[in-house]
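Here's the letter readout for the chains.
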Protein chains: 2
Amino acid sequence: PPGIVYLVGAGPGAADLLTLRALRLMGEADVIVHDRLVTAEVLDMARRDAERILVGKAGAAHSLPQDGINALLVRLAREGRRVVRLKGGDPYVFGRGGDEILALREAGIAHEVVPGVTAALACAASAGIPLTHRDAARTVTFATGHLRDGRLDLDFAALARPRQTIAVYMGLASLPLLRDGLVGAGMDPATPAAIIENGGTDRARSLPGTIGTIAALAEGWASGAPALVLVGGAVALGAPPAAS
Amino acid sequence: PPGIVYLVGAGPGAADLLTLRALRLMGEADVIVHDRLVTAEVLDMARRDAERILVGKAGAAHSLPQDGINALLVRLAREGRRVVRLKGGDPYVFGRGGDEILALREAGIAHEVVPGVTAALACAASAGIPLTHRDAARTVTFATGHLRDGRLDLDFAALARPRQTIAVYMGLASLPLLRDGLVGAGMDPATPAAIIENGGTDRARSLPGTIGTIAALAEGWASGAPALVLVGGAVALGAPPAAS
């Protein structure tokens, strides 16, 4: 039978934030192709005898380049295998999912995308921070703190405007550049900001501050776990949930 | 024992896009308090003998005002009940979840927020449209098409800027206003746009166009089912997944 590739969002890392659909497909897969961001507890939910192939993550040493991942997915499907391409969070939010689907489409491989809980949603839930909130945040924008040629390639003029929440993925290392960019574009340095680590898991921690102070506060606080930066007026509404 | 309120994202409507955590909590709940946006197939996953309370949705006739919902959640928890407050999508994206959590916090009620797959992720997956994509979409912004005093209260100057994807929730009725606002703020009318109905379910449909044409195309196409509008360069990359 012809093979198929499911591009599946694995959610933020907690096994119980997988969707039922993701779990079913992981249970039926012949091969799981995954990034380093997919946690061991999530991988443990896959079919026990499914082959597991680690393809690293963008920017990491010893990882397969994107073209190589695309070619691998095409080859596995042409071998007739049922492939789950598992990505941390959601496949279409900073996951290069677009590249992989285009490659599958061009190769004529059957494919399907399964959405997942992206990190911003999980981190907001853990920190008790609403991403939208009447007047304080009419919109929410997801951006990435990943550097290009040593700089943050972001539209700071748009991001510095009021009444929005900004969620910066992989934003920890570039926090000083984010601060300089936003404040340089007119954002009030007193604008609330927070860092959330391990959002969605029982190891979640959050650090409140302002866009002016948060980079300095983060030094010595951050553990190196996956982290998200939230900026905007609604961030001041946050508090760790009472029940956890 | 003291009661507790779980504010749970029900996802986009397909039962199998619930998270495992949501499913477990729905199975343990004494009471399910839900909106009209939560589908019957999702509600069917709850404990059979759990009480179900429909509180309508914002703007609908015969729905409980937000203050009434907040008071209901507090009262149920004070009666010692285990309450699941179920919201379509994610509780913290256009769900008034912030209001409910503030009320619970003020009342000293134990609570926890469980993230869910928000509509933009499910619609993008169904339509094969990456929300972010290298240069075409460096960021993605979620906005609402809900009217305030008959107008769209959005920062069109920010939304009209290039290299982003805009996802407009409940955007169908206000599409002409969205077009006028974006084009008036400088967006090229040829910018790709799409409407996706029933995203994440096997009834998903998508309509491609441009921000200039999509409002006219939508007439006669839209069924009245929940729909999302996507706008931006990356929207042109979309195609219905081959497998569905």
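Quantities reported herein were computed from a predicted structural model and do not represent experimental measurements.

Peer 1: Quick question: what am I supposed to make of the overall build of chain A here?
Peer 2: The number of helices and strands found in chain A is 8 helices and 10 strands. The C-alpha atoms of chain A give a radius of gyration of 19 Å, which matches the 18 Å a tight globule of 244 residues would have. With respect to the principal axes defined by its C-alpha atoms, chain A has extents near 60 × 40 × 35 Å. Taken over 244 residues, chain A has a buried fraction of 57%. When the accessible surface of chain A is split by element, carbon and sulfur atoms take 54% of a total near 9,400 Å².

Peer 1: Would you explain the packing of aromatic side chains in this entry?
Peer 2: The relation between two aromatic rings is expressed through the spacing of the ring centres and the mutual angle of the planes. Summed over all chains, the structure comprises 5 aromatic pairs over all chains. Through a chain of ring-to-ring contacts, the aromatic side chains of Phe94(A), Phe142(A), Tyr169(A), Phe94(B), Phe142(B) and Tyr169(B) assemble into a single cluster. Of note, Arg205(A) hangs over the ring of Trp221(A), and the distance from its end group to the ring centre comes to 4.1 Å.

Peer 1: Looking at this model, I keep getting lost on the domain arrangement of chain A. Mind explaining?
Peer 2: Often, the extent of an interface is quoted as the loss of accessible area upon association of its parts. All names here are of chain A. Assigned domains of chain A: these are domain 1 (4-114) and domain 2 (119-237). Facing 6 residues of domain 1, the contacting portion of domain 2 comprises 10 residues. Approximately 660 Å² of surface area, both sides summed, lies buried where domain 1 meets domain 2, with 78% of it carried by carbon and sulfur atoms. Three residues, Pro 12, Val 93 and Phe 94, lead the burial of domain 1 against domain 2; their summed loss comes to 61% of the area buried on that side. Across the domain 1-domain 2 interface, the total number found is 0 salt bridges. For the interface between domain 1 and domain 2, the tally reads 0 residue pairs in polar contact (both at pLDDT 80 or more). Its residues assigned to classes, the side of domain 1 that touches domain 2 shows 5 nonpolar, no polar and 1 charged.

Peer 1: Just to check I follow, could you spell out the pattern of salt bridges for this structure?
Peer 2: Note that side chains of opposite charge can pair when their charged atoms are close. Under the defined criterion, the tally for this structure stands at 44 salt bridges over all chains. For Arg82(A), the salt bridge identified is with Glu28(A), shortest N-O distance 3.5 Å. Taken together, the residues Arg82(A) in strand S4 (residues 82-87) and Glu28(A) in helix H1 (residues 20-28) connect sequence positions 54 residues apart. Each member of the salt-bridge network shares a partner with another, and the members are Asp135(A), Arg138(A), Arg163(A), Arg148(B), Arg151(B) and Asp153(B).

Peer 1: Just to check I follow, could you spell out the nonpolar core for this structure?
Peer 2: Nonpolar side chains in soluble globular proteins generally cluster together in the buried interior. Grouped together as the largest cluster of nonpolar side chains are 76 residues, with contacts concentrated most on Val33(A), Phe142(A), Leu230(A), Val33(B), Phe142(B) and Leu230(B). Among residues more than four places away in sequence, those in contact with Val33(A) are Ile53(A), Val55(A), Leu72(A), Leu73(A), Leu76(A), Val83(A), Val84(A), Arg85(A) and Leu86(A). Within the second largest apolar cluster, 42 residues are counted, among which are Leu18(A), Leu20(A), Ile32(A) and Ala22(B).

Peer 1: Looking at this structure, I do not really get helix H4 (residues 97-107) of chain A. What am I missing?
Peer 2: The α-helix advances 3.6 residues per turn, and as a result positions three or four apart in sequence lie on the same side. Listed as buried for H4(A) are Gly97(A), Gly98(A), Asp99(A), Glu100(A), Ile101(A), Ala103(A) and Leu104(A). Just past H4(A), the residue Gly108(A) takes up positive phi, approximately 75 degrees.

Peer 1: Would you mind showing me how to read the interface of chain A and chain B here?
Peer 2: Listed by partner, the interface residues are 66 residues for chain A and 67 residues for chain B. Summed over both partners, the interface of chain A with chain B buries about 5,200 Å², with 58% contributed by carbon and sulfur atoms. Sorting the residues of chain A by area buried against chain B places Leu20(A), Tyr92(A) and Arg138(A) first, and these three jointly supply 14% of that buried surface. Taken together, the connections running from chain A to chain B amount to 12 salt bridges. One salt bridge connects Arg163(B) with Asp153(A), and the closest N-O pair in it is separated by 3.2 Å. Viewed at the interface, chain B and chain A are joined by 31 residue pairs in polar contact (both at pLDDT 80 or more). Counting only elements with at least two residues in the side of chain A that touches chain B, the list comes to H1, H4, strand S5 (110-114), helix H5 (119-127), strand S6 (139-144) and helix H6 (156-159) of chain A. For the side of chain A that touches chain B, the class distribution of residues is 36 nonpolar, 14 polar and 16 charged. In this structure, S6(A) lies alongside strand S6 (residues 139-144) of chain B, joined through 3 bridges in antiparallel fashion. Residue pairing for S6(B): Val140(A) is matched across the bridge by Phe142(B).

Peer 1: Quick question: what am I supposed to make of the sheet that holds strand S5 (residues 110-114) of chain B here?
Peer 2: Residues and elements named next belong to chain B. Across the sheet, 5 strands lie side by side as S3-S2-S4-S1-S5; this open sheet has parallel pairing. Two strands close off the open sheet at either side, each with one partner strand: strand S3 (51-54) and S5. Adjacent strand axes in the sheet meet at a mean angle of 20 degrees, parallel and antiparallel pairs treated alike. As defined by bridge partners, strand S1 (residues 4-9) adjoins S5 across 5 bridges and the pair is classed as parallel. Bridge pairing in S5 links Leu 7 to Val 113.

Peer 1: I tried to follow the relation of the copies chain A and chain B on my own but got confused; where do I start?
Peer 2: For these two chain copies, the linking operation is a rotation about an axis paired with a shift along it. The two copies are related by a screw motion: chain A maps onto chain B through a turn of 180 degrees and a shift of 0.0 Å along the axis, at an RMSD of 0.0 Å. On the angle and the small slide along the axis, the relation comes out as a two-fold axis. By residue overlap, the copies meet face to face through one surface: 100% of the interface positions of chain A are interface positions in chain B.

Peer 1: Help me understand unusual backbone geometry in this model?
Peer 2: With glycine set apart, most residues show a phi of negative sign, and most peptide bonds adopt trans. All names here are of chain A. The backbone of Met 170 shows a phi angle near 50 degrees, a positive value even though the residue is not glycine. Along the chain, the position of Met 170 falls in the loop between strand S7 (164-169) and helix H7 (175-184). Here Met 170 falls in the partly exposed class, since its relative accessible area comes to 46%.

Peer 1: It is not clear to me how the environment of Ala124(B) should be interpreted in this structure. Could you clarify?
Peer 2: Residues and elements named next belong to chain B. Note that Ala 124 resides in helix H5 (residues 119-127). Relative accessible area serves as the criterion here: at 0%, Ala 124 is assigned to the buried category. For the pair Ala 124 and Arg 24, spaced 100 residues apart in sequence, the C-alpha to C-alpha distance is 27 Å.

Peer 1: Whenever I open this one, the pairing of strand S1 (residues 4-9) of chain A confuses me. Can you help?
Peer 2: Across a regular strand the side chains alternate sides, sitting on one face of the sheet and then on the other. Residues and elements named next belong to chain A. Here S1 lies mainly inside the structure; 6 of its 6 residues are buried. The side-chain alternation of S1 yields two buried faces, one formed by Ile 4, Tyr 6 and Val 8 and the other by Val 5, Leu 7 and Gly 9. As paired elements, S1 and S4 share 6 bridges and run parallel to each other. Opposite Gly 9, over in S4, you have Lys 87 as the bridge partner.

Reading the values: rules and limits
- Residues numbered from 1 in each chain as written.
- Chains lettered and ligands numbered in written order.
- Predicted model: local features only at pLDDT ≥ 70, side-chain atom pairs only at ≥ 80, totals over all residues.
- Heavy atoms only, no water.
- Helix = DSSP H or I, 4+ residues; strand = E, 2+ residues; numbered from the N terminus.
- Rg over C-alpha atoms; globule rule 2.2 N^0.38 Å.
- Buried < 20%, exposed > 50% of the residue type's maximum accessible area, 1.4 Å probe, protein only.
- Areas by Shrake-Rupley, 256 points an atom, 1.4 Å probe, with all protein chains shown as cover.
- Phe/Tyr/Trp six-rings, centres within 6.5 Å; stacked < 30°, edge-to-face > 60°.
- Lys NZ or Arg CZ within 6 Å of the ring centre and 35° of its normal.
- Domains from an automatic or database assignment.
- Contact = heavy atoms within 4.5 Å.
- Buried area = accessible area lost by both parts, 1.4 Å probe.
- Salt bridge = Lys/Arg side-chain N within 4 Å of Asp/Glu carboxyl O.
- Polar contact = N/O pair within 3.5 Å; in protein donor to acceptor, adjacent residues only side chain to side chain.
- Nonpolar A, V, L, I, M, F, W, Y, C, P; charged D, E, K, R; others polar.
- Core = buried A, V, L, I, M, F, W, Y, C linked by side-chain atoms within 4.5 Å.
- Pairing = 2+ DSSP bridges.
- Axes fitted to C-alpha atoms, helices over the stretch in contact; angles between N-to-C directions.
- Least-squares fit on C-alpha atoms with pLDDT ≥ 70 in both.

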